[in-house]
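Observations on the model geometry
So you can see what is in the structure, the chains are spelled out below.
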Amino acid sequence: MAQQPTKWLLAAALLLVPALASAVEFRSVSVPKAVLYDAPSAQGKKVFILGQGYPVEVIVNLGDWIKVRDAQGGLNWVEAKQLANKRTVLVKGGQADVRQAADAASILLGKIDKDVVLDMLESPVNGWVKVKHRDGMTGYVLASSLWGF
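Description of the structure in this document. Model, not experiment: these values are computed from the prediction.

Quick notes on the rules
Residues numbered from 1 in each chain as written. Predicted model: local features only at pLDDT ≥ 70, side-chain atom pairs only at ≥ 80, totals over all residues. Heavy atoms only, no water. Salt bridge = Lys/Arg side-chain N within 4 Å of Asp/Glu carboxyl O. Buried < 20%, exposed > 50% of the residue type's maximum accessible area, 1.4 Å probe, protein only. Helix = DSSP H or I, 4+ residues; strand = E, 2+ residues; numbered from the N terminus. Pairing = 2+ DSSP bridges.

1. Digging into the pattern of salt bridges
Inspection of the entire model under this criterion finds seven salt bridges. Its salt-bridge partner being Glu79, residue Lys81 comes within 3.7 Å of it at the nearest N-O pair. The exposed category is assigned to Lys81, whose relative accessible area is 66%. Classification of Glu79 as partly exposed rests on a relative accessible area of 21%. Measuring nitrogen to oxygen at the nearest pair gives 3.3 Å for the salt bridge that ties Asp119 to Lys86. Of this pair, Asp119 sits in strand E11 (residues 117–120) while Lys86 sits in the loop between strand E7 (83–84) and strand E8 (88–91), and the two are 33 residues apart along the sequence. Judged by its relative accessible area of 24%, Asp119 is partly exposed. Given the relative accessible area of 47%, Lys86 is considered partly exposed. One salt-bridge network, held together by shared partners, links Asp97, Arg99 and Lys111.

Have a look at this one:
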């Protein structure tokens, strides 16, 4: 009978695994130009530079160095001090419509070009993300038009 509680605990733990595995962490570049490397060291090969605000997905966190994925799927290392917890998103594909409300029939406030970085103001709800453009325009964009959350 002592095995019965153990079986229940194991079953409960297995149910939690998919939820834990799906937790994705994003950060944004906090400096004007963040250098990405092929290894977690300043002696590694410099691969490319990301501009301020660019969102990255955290893959591995070693403390001082973080392995990140960019919007194109590239995996590289960046110094942790060059990233912030501020949430931003990137317009993918063509242009993205910014709407006054989270509804396709809502008033169109403007269009945002591909690869433009937007501040993410609220997490996605019903397929829409509340965002703010650097010029101050605030509205809702279809989540399918964005990368970084």
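Read on for the rest.
2. Side note on the pairing of strand E2 (residues 33–37)
The two faces of the sheet receive side chains in turn, since in a regular strand these alternate between them. Within E2, four of the five residues are buried, which leaves it mostly tucked inside the rest of the structure. By the bridge criterion, five bridges tie E2 to strand E3 (residues 46–51) in an arrangement that is antiparallel. Counted as the bridge partner of Val35 is Ile49 from E3.

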